[in-house]
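# Inside the fold
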Amino acid sequence: MKNRAIDLDTFMQEVKLRNPGETEFHQAVQEVAEDIIPFVNQFPHYNHASILERMIEPDRIVSFRVSWEDDEGKIRVNRGYRVQYNSAIGPYKGGLRFHPTVNQSVLKFLGFEQVFKNSLTTLPMGGGKGGSDFDPKGKSDREVMRFCQSFMTELHKHIGPNRDVPAGDIGVGAREIGYLFGQYKRLENEFTGTLTGKSLEFGGSLIRTEATGYGTVYFMELMLNHREDSIKDKVVAISGSGNVAQYAAEKVIQLGGKVVTMSDSSGFIHDPDGIDEEKLAFIIDLKTVKRGRIEEYAKKYGCEFYQGKKPWQMACDIALPCATQNEICLQDAQTLVENGVMAIAEGANMPTYIDAIHLFHEHKILYAPGKASNAGGVAVSGLEMSQNSQRLSWSRKELDERLQTIMSRIHEQCLKYGDEGDFVDYVKGANLAGFVKVADAMLAYGVV
Ligand code: NDP
Ligand code: 2IT
C-alpha cells in the first residue's frame, strides 16, 4: 500500500506525541519538515518509502552514568550520551557538548541537524552528537580530566574510526579532547583517528580550530558576493566569545569588516571602535587560557558591558550568532530588521527561532542556517580523518583552500534548491540538498 501525501500539522503532531517534552528536537524537525514535506509529496518515491519518518528516528541512543571524584573527594554523578543518528553516507560524526543544559532533546536536535550538515559538506560522514550535563566551568583541570576519563571509559565501547568519530562542541575544546583521546587510546591500545579536533602533536589538523568561524564568514562572503556586495566596511555583531565566535571575528577583521560586539552567558560588550586583532588576542587569551568573563574586556578597553543582554539590540549590517541555540527570538529579529540588518549567518546550531527565520525571509534578508554556514568545522574534521587514514598532514594553505572550496560547494547546493529568482531561500536549499543525498542512500539499502 502506498503512503498518502503528508500534511505538516499531522506530521508534527505525531512527532510531538512520540517525543514528548523534547522541544528543541521538535523545533529542529519542524524547520526541516516545512521544506521536505512539500518535496516528498512532489517526489512520492521518497514518501512511499517513509524516508522522512525514518530519518527523524535516530539509529540508536546510548545513555550512561558518569561517576567521578572531585578535588574534595566527593563522588559526583553526571549523565553521558551519544546519539548515533544516521550512518547512511558514512560513520557517525559530530561533536560532544559538556554543558548543564544538555539533555536528550538538545542532543537529538543537534544530531538531527548534523545529518543534513554532514551531507552538505560533500564528505562521507553520517551524523551523531553526544555529551553530558557536566559543567566544566569552575572545575580544576584534574577534575575535568577525571570526568573525561570516566566518560570515555563507557563511550569507547560505542565509537571507532569507522563507526563513530566524536569531536568538540560547547564546553569541549583542545583540553577535553586531549583527555578523551588519551583515555580512548589507553583503553583500545590503538592509535587511530577516532576523535577529531586533536592537538597537532597527536594527529590534529591545521585549520580545525579556526574552521567553523572561518567557514561561517566565508559563507557570509559568498552570500554577499552573490548580491555583488562584500563584508568589507560592514558593521558586524557577533554573539559568543568561544571557539566559533573567536575565529569568526578574526576572519571578519581580515576581510575588512568591523566587529562591534561579542558576548558570553553573562552579557555582551559593545566596542564602537571595533575589535581589532590585538583586542581579539586579549579575548582569545581571556577565554581559552584564563577562562575569564567577557566583562573584563569592557574594563580593559573602556567600553560598555550590557549585563544579561544580547547583542542584537545594537545596530549592525551583519549578525553572526555564534553562542548557542535559540538566541535570536522574534523580538530580536524585529530589532535587527528595524536597525537595517542585511545578512545573518549562523555559526551556532539553531540560534534562531522559526518565527524569527520567517521574519527574515519576509524581509528578504540573507539568512544562512547553521547546517550550511557552520559546516566548515565538521568539514575540516572530515579532512582530519582523511589525513589520519593516510598518516599524513596537509599544509595550512592546502586546508584553507579545501575549506573555501567546500563552503562554495555548499553555497552552490543551496542555490540549486533554494534560488527563487529575486531571493535565495538558504534554509530550503540546505534542507533539500542535505536530504537528497542521505535519502537516496537509504533508498538503496532497502527497508532499514
Ligand atoms: P565554546 O564552548 O567554545 O563557546 C560557547 C560560547 O557561547 C561561550 O561564549 C559561552 O559563554 C556562550 N554560551 C554557551 N551557552 C550559552 C547560553 N546558554 N547562553 C548564552 N551564551 C552561551 O563553544 P563553541 O564556540 O564551540 O560553540 C558555539 C556554538 O557553535 C554552539 O552552538 C555549537 O554547537 C556551534 N558549533 C560549534 C562547532 C565547533 O567546531 N566548535 C561547529 C559547528 C557549530 P560562557 O563562556 O559564559 O559559557
Ligand atoms: O556542530 C558541529 O558541527 C560540531 N560541533 C563539529 C562536529 C565535528 O565533528 O567536528
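Residues numbered from 1 in each chain as written. Chains lettered and ligands numbered in written order. Predicted model: local features only at pLDDT ≥ 70, side-chain atom pairs only at ≥ 80, totals over all residues. Heavy atoms only, no water.

## What about the sheet that holds strand 5 (residues 164-167)?
As summarised here, the arrangement of the five strands in space is 1-2-4-3-5, forming an open sheet in which the pairing is mixed. Whereas interior strands pair on both sides, the edge strands pair on one side only; in this sheet they are strand 1 (60-69) and strand 5. Between one strand axis and the next, the sheet turns by 20 degrees as a mean value, whatever way the strands run. Note: strand 2 (residues 75-86) against strand 4 (residues 127-132), six bridges, orientation antiparallel. Counterpart to glycine 80 in the pairing with strand 4 is serine 132. Its contacts with the sheet place helix 6 (residues 141-155) against strand 1, strand 2, strand 3 (92-98), strand 4 and strand 5, and it is angled at close to 140 degrees to strand 1. (Pairing = 2+ DSSP bridges. Helix = DSSP H or I, 4+ residues; strand = E, 2+ residues; numbered from the N terminus. Axes fitted to C-alpha atoms, helices over the stretch in contact; angles between N-to-C directions. Contact = heavy atoms within 4.5 Å.)

## What to know about the site of ligand 1
The local shell around ligand 1 holds 26 residues, among which Lys137, Asp169, Thr212, Ser265 and Arg293 are the closest. Between ligand 1 and arginine 293 there is a distance of 2.7 Å, counted from an oxygen atom to a side-chain nitrogen or oxygen. If ligand 1 stood free it would expose 880 Å²; the protein chains cover 83% of that surface. Among the secondary structure elements, those contributing two or more residues to the shell around ligand 1 are helix 8 (208-226), helix 9 (243-254) and strand 7 (258-264). Taken together, the residues that form the shell around ligand 1 break down as five nonpolar, 13 polar and eight charged. (Near = heavy atom within 4 Å. Polar contact = N/O pair within 3.5 Å; in protein donor to acceptor, adjacent residues only side chain to side chain. Areas by Shrake-Rupley, 256 points an atom, 1.4 Å probe, with all protein chains shown as cover. Nonpolar A, V, L, I, M, F, W, Y, C, P; charged D, E, K, R; others polar.)

## A few points about helix 10 (residues 277-289)
In this model helix 10 runs 17 Å from its N-terminal to its C-terminal C-alpha over 13 residues, within 8% of the 18 Å that 1.5 Å per residue would give. Residues of helix 10 that are buried include every one of Lys279, Leu280, Ile283, Ile284, Leu286 and Lys287, and no others. Buried positions in helix 10, seen along its axis, are confined to an arc of 165 degrees and lie on one side of it. Along helix 10, the residues that are exposed and aim more than 90 degrees away from the buried face are Glu278 and Val289. Check the buried side of helix 10 and you find it contacts helix 9, strand 7 and helix 11 (295-301). Positive phi shows up at arginine 291, right after helix 10, with a value of about 55 degrees. (Expected span 1.5 Å × (residues − 1). Buried < 20%, exposed > 50% of the residue type's maximum accessible area, 1.4 Å probe, protein only. Arc of directions from axis to C-beta.)

## Quick notes on the site of ligand 2
Taken together, 14 residues form the shell around ligand 2, and within it Lys93, Lys117, Lys129, Asp169 and Ser381 come nearest. Within the side chain of glutamine 114, an N or O atom sits 3.0 Å from an oxygen atom of ligand 2. For ligand 2, the protein covers 94% of the area, taking 290 Å² as the surface of the free molecule. Contributing elements (two or more residues each) for the shell around ligand 2: strand 3, helix 5 (104-120) and helix 15 (376-390). Its residues assigned to classes, the shell around ligand 2 shows two nonpolar, seven polar and five charged.

## As for the nonpolar core
Within the largest apolar cluster, 59 residues are counted, with the highest numbers of intra-cluster contacts made by Phe219, Met220, Ile238, Met262, Leu320 and Ile410. Sorting elements by how many residues they give to this core places helix 8 first, with eight residues. In this structure, isoleucine 238 is in contact with Ala245, Ala248, Ala249, Val259, Thr261, Met262, Ser263, Pro311, Leu320 and Cys322, ignoring residues within four places of it in sequence. (Core = buried A, V, L, I, M, F, W, Y, C linked by side-chain atoms within 4.5 Å.)

## Topic: the side chain of glutamate 143
Here glutamate 143 shows up in helix 6. In this structure, glutamate 143 is buried with no salt-bridge partner, the nearest side chain bearing the opposite charge being arginine 146 at 4.9 Å. At 2.8 Å, the side chain of glutamate 143 forms a polar contact with the backbone nitrogen of aspartate 71. (Lys, Arg positive; Asp, Glu negative; His and termini not counted. Salt bridge = Lys/Arg side-chain N within 4 Å of Asp/Glu carboxyl O.)

## Focus on the sheet that holds strand 7
One open sheet accounts for seven strands, arranged 9-8-7-6-10-11-12; its pairing is mixed. Either end of the sheet is taken by a strand with one partner, and the two such strands are strand 9 (304-307) and strand 12 (366-368). Ignoring strand direction, the axes of neighbouring strands in this sheet form an average angle of 15 degrees. For strand 11 (residues 343-345) and strand 12, the ladder comprises three bridges, and the chain directions are parallel. If you follow alanine 343 over to strand 12, its bridge partner there is leucine 366.

## Let's talk about the packing of helix 12 (residues 330-338) against helix 13 (residues 354-362)
Packing of helix 12 against helix 13 leaves a shortest axis separation of 8 Å and a crossing angle of 25 degrees. In terms of their interaxial angle, helix 12 and helix 13 are classed as roughly parallel. Between helix 12 and helix 13 lies a crossing whose hand is right-handed. Of the residues in helix 13, those touching helix 12 at Leu330, Ala333, Gln334, Leu336 and Val337 are Asp355, Ala356, Leu359 and Phe360. The class makeup of the residues in the contact of helix 12 with helix 13 is seven nonpolar, one polar and one charged. (Parallel < 35°, antiparallel > 145°, perpendicular 65-115°, else oblique. Left-handed = near helix turned anticlockwise from the far one by under 90°.)

## Details of the side chain of threonine 192
Along the polypeptide, threonine 192 turns up in the loop between helix 7 (174-188) and helix 8. The buried category is assigned to threonine 192, whose relative accessible area is 16%. What threonine 192 contacts, discounting residues up to four positions off in sequence, is Pro161, Phe181 and Tyr184.

## Remarks on the pattern of salt bridges
Summed over all chains, the structure comprises 25 salt bridges. Close ionic contact of lysine 287 with aspartate 264 constitutes a salt bridge, the shortest N to O distance being 2.8 Å. Linking lysine 287 in helix 10 with aspartate 264 in strand 7, this pair joins segments that are 23 residues apart in sequence. The burial state of lysine 287 is the same as that of aspartate 264; both residues are buried. Lysine 279 is paired through a salt bridge with aspartate 271; the nearest N and O atoms lie 3.0 Å apart. Classification of lysine 279 by relative accessible area gives buried; the value is 12%. What you see here is one network of salt bridges that share partners, running through Glu31, Glu113 and Lys371.

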